[in-house]
Amino acid sequence: MEEITEGVNNVHITAADAHKSNRIQVSNTKKPLFFYVNLAKRYMQQHDEVELSALGMAIATVVTIAEILKNNGLAIEKKITTSTVDVKDESRGRPIQKAKIEILLGKTEKFDELMAAAAEERDVGNGEEQN
């Protein structure tokens, strides 16, 4: 048992590892837009910031998610990174380049207040439906 405790105490999480736990890789084919908006809100509650990442055609979806969160007063832009990555194209057998975007969003000062108000609104709405 002491070995396990010692092993846990010796685990070092680098900044890069911690950064990955709050990353959302967005696809514009797998989930609806507001799934990602709500997921980003949850990630910000847990980690104070969230990184939205996308390739190719999903870039527009990531930008839309970021703008929804910003316009609702929930997030501020901390950093935007663009790049190109090589992705292997199975049909052609050679790598192709795809555009990539990463948007790091942080909580606004009013984030917790706005989330609490939204939760309260939902609770009141659910109570009315039951009557």
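Residues numbered from 1 in each chain as written. Predicted model: local features only at pLDDT ≥ 70, side-chain atom pairs only at ≥ 80, totals over all residues. Heavy atoms only, no water.

Draft legend 1. Just the pairing of strand β4 (residues 94-107), in detail. For strand β2 (residues 49-55) and β4, the ladder comprises seven bridges, and the chain directions are antiparallel. Across the sheet, E49 pairs through a bridge with G106, a residue of β4. Where strand β3 (residues 75-89) lies against β4, 14 bridges are found, and the strand directions are antiparallel. Bridge pairing links T84 to A99 in β4. With antiparallel pairing between neighbouring strands as the criterion, β3 and β4 make up a hairpin whose turn holds four residues, including G93 at a positive phi of roughly 75°. (Pairing = 2+ DSSP bridges. Helix = DSSP H or I, 4+ residues; strand = E, 2+ residues; numbered from the N terminus.)

Draft legend 2. Structural view of the nonpolar core. Ranked by internal contacts, the top residues of the largest apolar core, which has 24 residues, are I24, L52, L69 and L105. Among the secondary structure elements, those contributing two or more residues to this core are α3 (33-47), β2, α4 (59-71), β4 and α5 (111-130). Of all the elements, α4 adds the most residues to this core, at six residues. Not counting chain neighbours up to four residues away, the residues in contact with L69 comprise V37, A40, K41, M44, L74, A75 and L105. (Core = buried A, V, L, I, M, F, W, Y, C linked by side-chain atoms within 4.5 Å. Buried < 20%, exposed > 50% of the residue type's maximum accessible area, 1.4 Å probe, protein only. Contact = heavy atoms within 4.5 Å.)

Draft legend 3. The sheet that holds β2, seen in detail. Judged by pairing direction, the sheet is mixed, and its four strands sit side by side in the order β1-β2-β4-β3 without closing on themselves. Each of the sheet's edge strands pairs with one partner strand only, and the pair in question is β1 (23-25) and β3. Across the sheet, the mean angle from the axis of one strand to that of its neighbour is 20°, orientation sign disregarded. As judged from the three bridges shared by β1 and β2, these two strands associate in the parallel manner. Bridged to I24 within β2 is L52. Strands β1, β2, β3 and β4 of the sheet are contacted by α3, whose axis makes an angle of about 140° with β2. Each of β2, β3 and β4 touches α4; the most contacted strand, β4, lies at about 5° to it. (Axes fitted to C-alpha atoms, helices over the stretch in contact; angles between N-to-C directions.)

Draft legend 4. Examining the environment of S91 more closely. Note that S91 resides in the loop between β3 and β4. Of the residues examined, S91 reaches a relative accessible area of 67% and is grouped as exposed. Within the structure, the side chain of S91 is placed 2.9 Å from the side chain of D89, a separation counted as a polar contact. (Polar contact = N/O pair within 3.5 Å; in protein donor to acceptor, adjacent residues only side chain to side chain.)

Draft legend 5. Examining the environment of I65 more closely. When you line up the elements, I65 lands in helix α4. Placed 31 residues apart in sequence, I65 and F34 show a C-alpha to C-alpha distance of 7.9 Å. Beyond its immediate stretch of four places on either side in the chain, I65 contacts V26, L33, Y36, V37 and L52.

Draft legend 6. Representation of the pattern of salt bridges in the model. Using the criterion set out here, one finds eight salt bridges in the structure. Two residues, E51 and R23, come together in a salt bridge whose shortest N-O distance is 2.6 Å. Highlighted residues: E51 in strand β2 and R23 in strand β1, separated in sequence by 28 residues. As far as the burial class goes, E51 and R23 line up, both buried. As a salt-bridge pair, R23 and E102 come within 3.1 Å of each other at their nearest N and O atoms. Separated by 79 residues along the polypeptide, R23 in strand β1 and E102 in strand β4 bring together distant segments of the chain. One exposure class covers both R23 and E102, and it is buried. Here the residues in one salt-bridge network are R23, E51, K100 and E102, joined through shared partners. (Salt bridge = Lys/Arg side-chain N within 4 Å of Asp/Glu carboxyl O.)

By themselves, these figures tell us nothing about what the structure is for.
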